Amino acid sequence: MKTEPLPASPILLLVAGAKGAVGSTLAAAVAAGGVDAETLSQNLTTRNRFSGGFPPVTFQMAGWDVVSEPYPRVWEQNSVLPEALRRRYRDPAAAIPVREAPEPGMPRKRVEDSIREDLEAFQSMHPGSWPVLINLLPAAPGKGTPNDRGSGSVSSGTGGSFPDAAYALAAVKAGIPVVNFTPNALESDTLLSIAAKKGVPVAGRDGKTGQTFFKVVLASAMKARALNVQGWYSLNLLGNADGKNLMIPENAAGKLANKTAVLDAVFEPSREKGDPGVYHKVRIDYYPPRGDAKEAWDLIDFSGLFGLPMSLRVNLMGRDSILAAPMILDLARWMTALKAAGWGGPVPELAFYFKTPVGAKAPSTFQEQLFALDTLEERVMAVMPGGKKRPA
């Protein structure tokens, strides 16, 4: 792999959807980095990874959104942050440039050119930074893996209902790593081919923030314990804009498919021929009183010795955006390290962070995902200038 100099410059988050619930919380986290850096780093899974001060733990941010209100107003509307935090971080957040997103229906070429110009402008504002594109746009119609002839194509047509594909393609062509935190399947063969040739890492898809994270942990433990899981019912109550958007069946299809597939990935390798597998049902309901404070319920039916039935119930009272923002900072650090190490194309080893990891042979159980992260870190540090293995 090729390597490049490692300047001690901040990571520049280029966020599509910068003022949604997650995007605006991410802006607060970036602002907090200049005021409460230690508080921020304590919530990063990468805080004890890498060595030599690289990749940076300092962040800057720019991006796009259809919302024009300043961050203090957006924070109030999204109801994620308490007033004390909004006051504390409003001044540094005011310096974050957010440009108007391209208009829906514009020809794809014009959208891509507009995004490319913005990428150049944002980088000129932060010379020497390590840019990473973060896709936080709403779930759009469609599911599965895109191809160049399908609705997920990034090579022709209009921006339409899949605008994030244009952001990703413009970024990859500019040599900028991409994190797809949404359920939108924008990783076409064209995109991944360009990324591999240009040495640009691409990670996704669909951030594994709350219920699905704990589902993978618990399913992996039950598999290791040789417990026979017959059924798993999951209910999500979400009252923010993401939850409202997912009430449109076409928009929810990809999210539901990703949430459902994780159990197949965990249990399938151990299933005997003729085993019907786990009956897995996932529901998402929009419940405005909850706002960004997601509630998730899981009912698990399983059996043990002699096939005698047992059950387990899990109730998560989570904060969707608060769980998501640190993961995005972690992923930005991983992508910066991978870019510096010359990695190009998908990074299935980052499956720990995603419901549907892109790339071949992605690890499925929690144990395998943690091992994959350790192995990936060793590979990256072995080729980066000045890289050292993490102390045991």
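Fair warning: this is a prediction, and the values are worked out from it, not measured in the lab. (Residues numbered from 1 in each chain as written. Predicted model: local features only at pLDDT ≥ 70, side-chain atom pairs only at ≥ 80, totals over all residues. Heavy atoms only, no water.)

Trainee: Can you break down the overall build of the protein residue by residue, with the values?
Mentor: For the protein, the helix and strand inventory stands at twelve helices and eleven strands. Expressed as a percentage of the 392 residues in the protein, the buried residues total 52%. Contacts spanning at least 24 positions in sequence make up 79% of the contacts within the protein whose residues lie at least 6 apart. For the protein, the exposed area adds up to about 17,600 Å²; of that, 55% sits on carbon and sulfur atoms. (Helix = DSSP H or I, 4+ residues; strand = E, 2+ residues; numbered from the N terminus. Buried < 20%, exposed > 50% of the residue type's maximum accessible area, 1.4 Å probe, protein only. Contact = heavy atoms within 4.5 Å. Areas by Shrake-Rupley, 256 points an atom, 1.4 Å probe, with all protein chains shown as cover.)

Trainee: Account for the nonpolar core, with residues named and values stated.
Mentor: Formed by 57 residues in total, the largest nonpolar core has its most connected members in L13, L26, M61, L350 and Y353. Taken together, the elements giving at least two residues each to this core come down to β1 (11-16), α1 (21-33), β2 (59-65), α3 (71-78), α4 (83-93), β4 (130-135), α11 (320-340) and α12 (366-383). The dominant element in this core, judged by the number of residues it contributes, is α11, at twelve residues. If near-sequence neighbours (up to four positions away) are discounted, L13 is found in contact with L26, V30, F59, Q60, M61, A62, V132, I134, L329 and A332. Counting residues in hydrophobic clusters, the runner-up holds 30 residues, among them L12, V111, I115 and A170. (Core = buried A, V, L, I, M, F, W, Y, C linked by side-chain atoms within 4.5 Å.)

Trainee: Now, about the environment of P56: what can you tell me, with residues and values included?
Mentor: Structurally, P56 is set in the loop between α2 (37-41) and β2. It is 9.6 Å that separates the C-alpha atoms of P56 and A332, two residues lying 276 residues apart in sequence. Those residues in contact with P56 that sit more than four places away from it in its chain are S9, P10, I11, W130, R333 and T336.

Trainee: Describe the packing of aromatic side chains, and please don't skip the residues or the numbers.
Mentor: Taken as a whole, this structure holds ten aromatic pairs when the rule is applied. Both rings, one in Y71 and one in W75, keep their centres 5.9 Å apart while their planes meet at 35°; by these two values the pair is tilted. Of this pair, Y71 and W75 both sit in helix α3, separated by four residues, roughly a single helical turn. We classify Y71 as buried; its relative accessible area is 4%. A ring pair is formed by F213 and F352, whose centres lie 5.9 Å apart and whose planes are at 80°; its orientation type is edge-to-face. Residue F213 is found in helix α8 (residues 211-224), and its partner F352 is found in the loop between β11 (345-346) and α12; the two are separated by 139 residues along the sequence. Taking the ring centre of Y71 as reference, the NZ or CZ of K19 above it sits at 5.3 Å. (Phe/Tyr/Trp six-rings, centres within 6.5 Å; stacked < 30°, edge-to-face > 60°. Lys NZ or Arg CZ within 6 Å of the ring centre and 35° of its normal.)

Trainee: Talk me through the sheet that holds β1; I want residue IDs and the actual numbers.
Mentor: With parallel pairing, the seven strands of this open sheet are ordered in space as β3-β2-β1-β4-β5-β6-β11. Looking at strand neighbours, the two that pair on one side only are β3 (98-100) and β11, the edges of this open sheet. In terms of strand pairing, β2 meets β3 through three bridges, oriented parallel. Residue pairing across strands places G63 opposite V98, the latter belonging to β3. Strand contacts of α1: β1 and β2, with the helix running at about 155° to β2, the strand carrying the most contacts. (Pairing = 2+ DSSP bridges. Axes fitted to C-alpha atoms, helices over the stretch in contact; angles between N-to-C directions.)

Trainee: Account for the environment of L13, naming residues and giving values.
Mentor: When you line up the elements, L13 lands in strand β1. Of the residues examined, L13 reaches a relative accessible area of 0% and is grouped as buried.

Trainee: Would you mind going over the sheet that holds strand β8 (residues 279-286) in detail, with residue names and values included?
Mentor: Sheet strands pair via backbone hydrogen bonds, and the direction of the pair is either parallel or antiparallel. Strand order in the open sheet formed by four strands is β8-β7-β9-β10, with mixed pairing between adjacent strands. The outermost strands of the open sheet, each flanked by one partner alone, are β8 and β10 (309-317). On average, each strand axis in the sheet is tilted by 10° relative to the strand beside it, whichever way the strands run. Relative to strand β9 (residues 295-303), strand β7 (residues 228-238) runs antiparallel, the two being bridged by nine bridges. By the bridge assignment for β9, N228 is matched with S303. Packing of α8 onto the sheet brings it into contact with β7, β8, β9 and β10, and relative to β7 it is tilted by some 170°.

Trainee: Break down helix α7 (residues 189-198) for me, citing the residues and quoting the values.
Mentor: What α7 keeps buried is the set T190, L191, L192 and A195. The inward-facing, buried residues of α7 contact α6 (164-173), β6 (201-204) and β11. The positive-phi residue at the C-terminal boundary of α7 is G199, with phi of around 70°.

Trainee: Let's hear about α3: which residues, and what values?
Mentor: Buried within α3 are the following residues: Y71, V74 and W75. The buried residues of α3 occupy an angular sector of 100° when projected down its axis, which confines them to one face. Buried residues belonging to α3 abut α1, β2, α4 and β3. Two residues or fewer past α3, S79 is found with a positive phi of approximately 55°. (Arc of directions from axis to C-beta.)

Trainee: Which residues make up unusual backbone geometry, and what values go with them?
Mentor: Here G204 and R205 are connected by a cis peptide whose omega angle stands at 10°. Within the secondary structure, R205 sits in the loop between β6 and α8. Positive phi is not limited to glycine here, since D206 has a value of about 75°. In this structure, D206 sits in the loop between β6 and α8. By relative accessible area, D206 is classed as buried at 0%.

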